[in-house]
Amino acid sequence: MAPLEFQRTYRNLKRYRQIIGVLVKYGFGEILDRMNIATYLQIGRKKLFKRQQELAALSYAQRIRLALEELGPTFVKMGQIMSTRPFLIPVDLVVELTKLQDEVAPFGFEDVQTIVHAELGQPIVELFSVFGEKPIASASLSQVHRAVTQAGDDVAVKVQRPNVRQVMEKDMSILHDLAILLDRYVPEIRQFDPVAIVDELWKTTKQEIDFTVEARNLDVFTLNFIDDDRIFLPKVFWDLTATRVLTLEFIDGIKISEIEKLKEAGIDPEVITRIGGQLVAKEVFEDGFFHADPHPGNLFALKGNRIAPIDFGMMGKLSPTMLELISDLLVAGTSQDSRRLVRVFQNYELISDDANVAALEADLTTFLHHFHRIPLAKLDMRSLLGEGFGILTTHSIQIPTELMMLGKAITTYEEVARHLYPEYDFISELMPAIEKLASRKFKPSNIVSDVGGYLIDLRDLVVNFPFELRRITRKLRKGELSIAFQHRGLERFIAEMEKSSNRIAFSLIIAALIIGSSLVMTRQFGLTVYGIPVLGLIGYLTAGFLGLWLVIAILRSGKL
C-alpha cells in the first residue's frame, strides 16, 4: 500500500471521512471506488458508500464546484487556482470554478484581537487609534478591517482566519494521498499529473497564507510603476505587517465592474480600459511580473482615471528564459512558420522524444491558417489561446505553469476590458509590447551579452573537461561507476505482486499450522485435555483466526 503513510492517514481519518462523504454526496462514489479508498482507509465499502447520491440532475462541473465550496477554504482555494489553469481542465469546468464563492461568514473580533496581538506584539488599542470591529470584506482565508493608525493613516488591515495553516496542511496531505491513488488507479487522469498539480497548489497556497510575501510582491510591483501616475498602488505599513496580518493604505475607489458609478464619479470607462491595456502590456512583456488574478473584484478605479489593483497574493513571474520562449513562439507564430514552432518546443525540451512531430506540425499549420489575416479587433483571446493550448495538450507538450497563468490573466484582462468598453481592441494594444519583446533578442547589446555567455561556457568546458575525464576514468578503475535503469510504470505492478506474495506466504503459514496440528492430534503429543492435545488445539485455533483474517482482508479489498 505504499507510498501512503498510514500514521498520517489514521491521524486524518476523520477529515478523510468528511471529504469522502461530500464527494459521494455529489456523485463521485464510482471514482472513489476505482481508487480503492475502502482498502487504504481500512473501512468497509458498504459503510463508505452508504450515502445516497444527491443533486444528480446537475452537471459534473456544477457538482465539483458545490463539493469544493462545502469542503472549505483549502478546496475553494484549490478550485480558484485550477481556474487559472484553463488549458489543463475542460472549459465548462473552468467556467464553474470561476464562480466559486469566496464570501464566507466573518470570524469573531476576539479572534482578530488575539491574532493581531500575537503577530505584531501589541494589542490593537496600542497599534491603532481606530479599528472597525465589523469587517468590510470576508473571504475563505482572511477578512479585512478598516482602521486608522496612531499616526492618523487610513488603512485596511487584512487578518488571517484562525488555524488556517493547520487546516490547509492537513487537507493538503489528504489531497496528496488522493492524487497518488488517482494516478495509480484511474489511468485517464494520469495525463494531468495529479500529484504535480497538488504539489504546485500547495506551493502557491503557502505563499498566499504568508502575508509578507504579498507585501513584498506589492513593493516590487510599486517599483516597476514608480514613475507612472496612471496607476495607484497602496503603501505597505511594514511595522504593522506580519505573516498573518497585512496593513495597507486604504483605497477609497469604485469597483471597475460598476460602470454607472464610474460615470457618475467622472471616470471614463474607455480611458480606463485603454490605460489598463497599456499597463498590462508593460507588466507582462517588459517587467515579466504581473497580477495573475485580475478579476473585477481586485480592480478599482479612482478619480482622474487612475487604476488601483488590490490583492497581490497571486502573482505571475516570467524568468528571462520564459520571456525568451514567449518571444520565440511569437516570432514563429507571426511568421506562420509551424516547423519553426515545433523546433522551439524541441529546443526548450517541452516535447518528448517519441512525440509525433509530423502530426503536431500539421495541427499547428491548421491553427495558424485559422487565425491568419483575421483583423485583430475580431480576434478573441480566449478562443485563440484555448485552441492553441488545446493542441499542445493533445500532443502532450509540457506547458510551463507561468504560461498557463499568463494565458488565464490575459483572457481575464480581455473580458474585463470588453465589459468596460466593448469596442476596445485589446490585442492591438498589446502588439507594440509584443513586437518589442520579439526584437529584444536581436539588439546588439543582447547579442554581445549572449556571445559573452557562450564564450564563458566554452572556456569552463575546456578547463574542466580534463579533470572530469580523469574523475570518470578513476571511478571506472575502482568499479564505482554504475548505470541505473528505471522502468516507469512498474510501481503498481510491484505493489500488487508484493501483496499477492504476502497472501501466498500467509496461506502457506496457515496450511503449515493445520498440517502440524493434525500431526500433533494424531500422535497425541504433549499435554491433553479430555484426550485432546492442547498444542494441536492451539494450532487449529491460530490457523482458523489467521484464515478468517485473510478472507476478511480479501473481501474488503473487493478482489475476491
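Residues numbered from 1 in each chain as written. Predicted model: local features only at pLDDT ≥ 70, side-chain atom pairs only at ≥ 80, totals over all residues. Heavy atoms only, no water.

(A) Representation of the overall build of the protein in the model. When its secondary structure is counted, the protein shows 24 helices and 12 strands. Partitioning the intrachain contacts of the protein with sequence separation of at least 6 by distance along the chain shows that 68% fall at a separation of at least 24. Carbon and sulfur atoms form 58% of the exposed surface of the protein, whose accessible area is close to 30700 Å². (Helix = DSSP H or I, 4+ residues; strand = E, 2+ residues; numbered from the N terminus. Contact = heavy atoms within 4.5 Å. Areas by Shrake-Rupley, 256 points an atom, 1.4 Å probe, with all protein chains shown as cover.)

(B) Here's a closer look at the pairing of strand S5 (residues 245-249). Across the five residues that make up S5, a large majority, four, are buried. Relative to S5, strand S4 (residues 154-160) runs antiparallel, the two sharing five bridges. Its bridge partner lying in S5, lysine 158 is registered against leucine 246. (Buried < 20%, exposed > 50% of the residue type's maximum accessible area, 1.4 Å probe, protein only. Pairing = 2+ DSSP bridges.)

(C) Up close: the pattern of salt bridges. All told, the structure shown has 14 salt bridges when counted by the stated rule. One salt bridge in this structure joins glutamate 270 and arginine 274, with 3.4 Å as the shortest N-O distance. Taken together, the residues span about one helical turn, with glutamate 270 and arginine 274 both in helix H15 (residues 269-285) at a distance of four residues. For glutamate 270, a relative accessible area of 29% translates into the label partly exposed. Overall, arginine 274 belongs to the partly exposed group, its relative accessible area being 35%. Glutamate 361 is the partner of arginine 339 in a salt bridge, and the nearest nitrogen-oxygen pair spans 3.8 Å. Taken as a pair, arginine 339 in helix H17 (residues 338-347) and glutamate 361 in helix H18 (residues 357-371) lie far apart in primary sequence, 22 residues in all. On the accessibility criterion, glutamate 361 (22% relative accessible area) is partly exposed. Connected through shared salt-bridge partners, Arg65, Glu69 and Glu96 make up one network. (Salt bridge = Lys/Arg side-chain N within 4 Å of Asp/Glu carboxyl O.)

(D) Layout of the confidence of the model for the protein. The pLDDT averaged across the protein works out to 80; a share of 81% of its residues lies at or above 70. When the elements of the protein are averaged for pLDDT, helix H5 (residues 45-48) gives the smallest value, 52, and S5 the largest, 97. (pLDDT = per-residue confidence, 0-100.)

(E) Spatial organisation of the packing of aromatic side chains. According to the stated counting rule, one finds six aromatic pairs in the structure shown. Considering the side-chain rings of tyrosine 424 and phenylalanine 426, the 6.2 Å spacing of their centres and the 50° angle between planes classify their relative orientation as tilted. For the pair tyrosine 424 and phenylalanine 426, one class covers both residues: buried. Counting every residue linked through ring pairs, the aromatic cluster contains Phe221, Phe225, Phe289 and Phe312. Sitting above the plane of the phenylalanine 250 ring, arginine 146 keeps its charged end 3.8 Å from the centroid. (Phe/Tyr/Trp six-rings, centres within 6.5 Å; stacked < 30°, edge-to-face > 60°. Lys NZ or Arg CZ within 6 Å of the ring centre and 35° of its normal.)

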